[in-house]
Amino acid sequence: MIDVTAYLRRIGVKVDGPPSVESLHLLHRAHVERVPYECMEIWLGRPTTVDPVESAARIVRGRGGYCYHLNGAFSELLKALGYRVTRHRGGVQGRAQGPANVDGGHLVLTVSGLPTPDNPQGRWLVDQGLGDALHDPLPLVEGTYRQGPFTYGLRPSEVEPGGWRFDHDPRGDFLGMDFCGVPAEMREFAAMHEFLSTSPDSGFVRVATIQRRDAGGVDVMRGLILSRRGDREHSLTARTERDYFQILADVFGLHLPDVTPLERAKLWQRLWTAHEKWSDSH
């Protein structure tokens, strides 16, 4: 079981009464704004699993994670609050020429039983794990949707019969995401999680990435470069260890109290070495 009270305190939300569309939006927005999308455990050499209870406990301690952690934990929170939540296997299509897929590289959530006039079937796409994408849930209805400065699309998937396709804003980090319409179990994601957290071919292993979405846009930290997209556009590079960890705390709420000074120094050296290698190639 997860600590619901501590989890709600972590995201700064109080909810009363039965599940509702309004509360679902409140929970979703608060979570993406306060719990960053991040892969720092990989860069700290700390193995994780896809166990949602483990992920929820780490979030309560002040950390984040990527899709398996964030959506896994959020699904447990929603279920504990009485929401009807389903997990789905998905796949992200990046900016390269790779095809659309549902290879299990992404965990997707839907919530059902919450109809509105614009969404009479009452199903919602709920996703904390897309990094620079959703701020609010999307009605699982084909159409185009505006959230702050970004425009998204939902339509039937062309690669997964009965599934859905999320089309990202052209300024986003990836082209889109497809997901199956049928439920999935967390164990189905274990092998891909192992690849993403250990393989030299994994983007998480190659680049220390942190992202945080808010109503006006998204903050993105890749290696030592911080950028902002949306309501304003700018970027800067952390040049010292002190500056890097200050950015993590101030922009992303990552204070890393469990990371020792020695671990911070080693992490900084890894990041600086990777940054210099990247700079030499650009």
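Up top you'll find the structure we're talking about.
Rules behind the numbers
Residue numbers run consecutively from 1 along every chain, following the written order of its sequence. Side-chain atom pairs in this predicted model are given and counted only at pLDDT of 80 or more, local residue features only at pLDDT of at least 70, and totals for whole chains, interfaces and linings cover all residues. Hydrogen atoms and water are omitted, and side-chain values are computed over all heavy atoms in the structure. Centre distance within 6.5 Å is the pairing criterion for rings of Phe, Tyr and Trp, where only the six-membered ring of Trp is used; planes under 30 degrees apart are then read as stacked, over 60 as edge-to-face, and the remainder as tilted. What counts as a helix is a DSSP run of H or I of at least four residues, what counts as a strand is a run of E of at least two, and both are numbered from the N terminus. Exposure categories follow from relative accessible area, calculated using a 1.4 Å probe and restricted to protein chains: below 20% of the type maximum is buried, above 50% is exposed, and the middle band is partly exposed. We call two strands paired when DSSP finds no fewer than two bridges between them. Residues count as neighbours in contact if any of their non-hydrogen atoms are within 4.5 Å of one another. The axes used here are C-alpha line fits, helices contributing only the stretch in contact, and every angle between their N-to-C directions lies in the interval 0 to 180 degrees. Note on convention: near helix rotated counterclockwise from far helix by under a right angle means a left-handed crossing. Clockwise means right-handed. In this count, Pro and Cys sit with the nonpolar residues alongside Ala, Val, Leu, Ile, Met, Phe, Trp and Tyr, while Asp, Glu, Lys and Arg are called charged and the others, Gly among them, polar.

## A word on the packing of aromatic side chains
What describes a pair of aromatic rings is the distance from one ring centre to the other and the angle between the planes of the rings.
Turning to step 1, where the next piece is worked out: In this structure the tally under the stated criterion is nine aromatic pairs.
Turning to step 2, where the next piece is worked out: Ring plane angle 45 degrees and centroid distance 5.2 Å describe the contact between tyrosine 152 and phenylalanine 166, whose orientation is recorded as tilted. With tyrosine 152 in strand 7 (residues 150–156) and phenylalanine 166 in strand 8 (residues 164–167), the pair connects residues that are 14 residues apart, well separated along the chain.
Turning to step 3, where the next piece is worked out: Classification of tyrosine 152 as buried rests on a relative accessible area of 1%.
Turning to step 4, where the next piece is worked out: Ring centres of tyrosine 244 and phenylalanine 245 lie 5.2 Å apart, and the angle between their planes is 80 degrees; this geometry places the pair in the edge-to-face category. Each member of the pair, tyrosine 244 as well as phenylalanine 245, carries the same accessibility label: buried.

## With respect to the sheet that holds strand 9 (residues 176–179)
Turning to step 1, where the next piece is worked out: The sheet built from eight strands is open, its strands ordered 5-4-3-2-9-8-7-6 with antiparallel pairing. In the strand order of this sheet, the two ends are held by strand 5 (138–139) and strand 6 (143–147), each with one partner.
Turning to step 2, where the next piece is worked out: With two bridges joining them, strand 4 (residues 124–126) and strand 5 adopt antiparallel strand pairing. The residue of strand 5 that forms the bridge with tryptophan 124 is proline 139.
Turning to step 3, where the next piece is worked out: Along the sheet, helix 5 (residues 67–80) contacts strand 2 (84–93), strand 3 (106–112) and strand 4; its crossing angle with strand 3, the most-contacted strand, is approximately 20 degrees.

## Concerning the sheet that holds strand 10 (residues 209–214)
Turning to step 1, where the next piece is worked out: In spatial order, the strands read 1-10-11-12-13; together these five strands make up an open sheet with antiparallel pairing. The two strands at the open ends of the sheet, each matched to only one other strand, are strand 1 (37–38) and strand 13 (234–237).
Turning to step 2, where the next piece is worked out: Where strand 12 (residues 225–230) and strand 13 come together, four bridges link them in antiparallel fashion. Looking at strand 13, one finds that leucine 226 is bridged to leucine 236.

## Let's talk about the packing of helix 1 (residues 4–11) against helix 5
Turning to step 1, where the next piece is worked out: Across the interface, helix 1 lies against helix 5 with an axial gap of 11 Å and an inter-helix angle of 115 degrees. Judged by the twist between their axes, the crossing of helix 1 over helix 5 is left-handed. Residues Val4, Tyr7, Leu8 and Ile11 of helix 1 form the contact with helix 5, whose own contacting residues are Ala73, Phe74, Leu77 and Ala80.
Turning to step 2, where the next piece is worked out: Along the lines of polarity and charge, the residues of the contact of helix 1 with helix 5 split into eight nonpolar, no polar and no charged.

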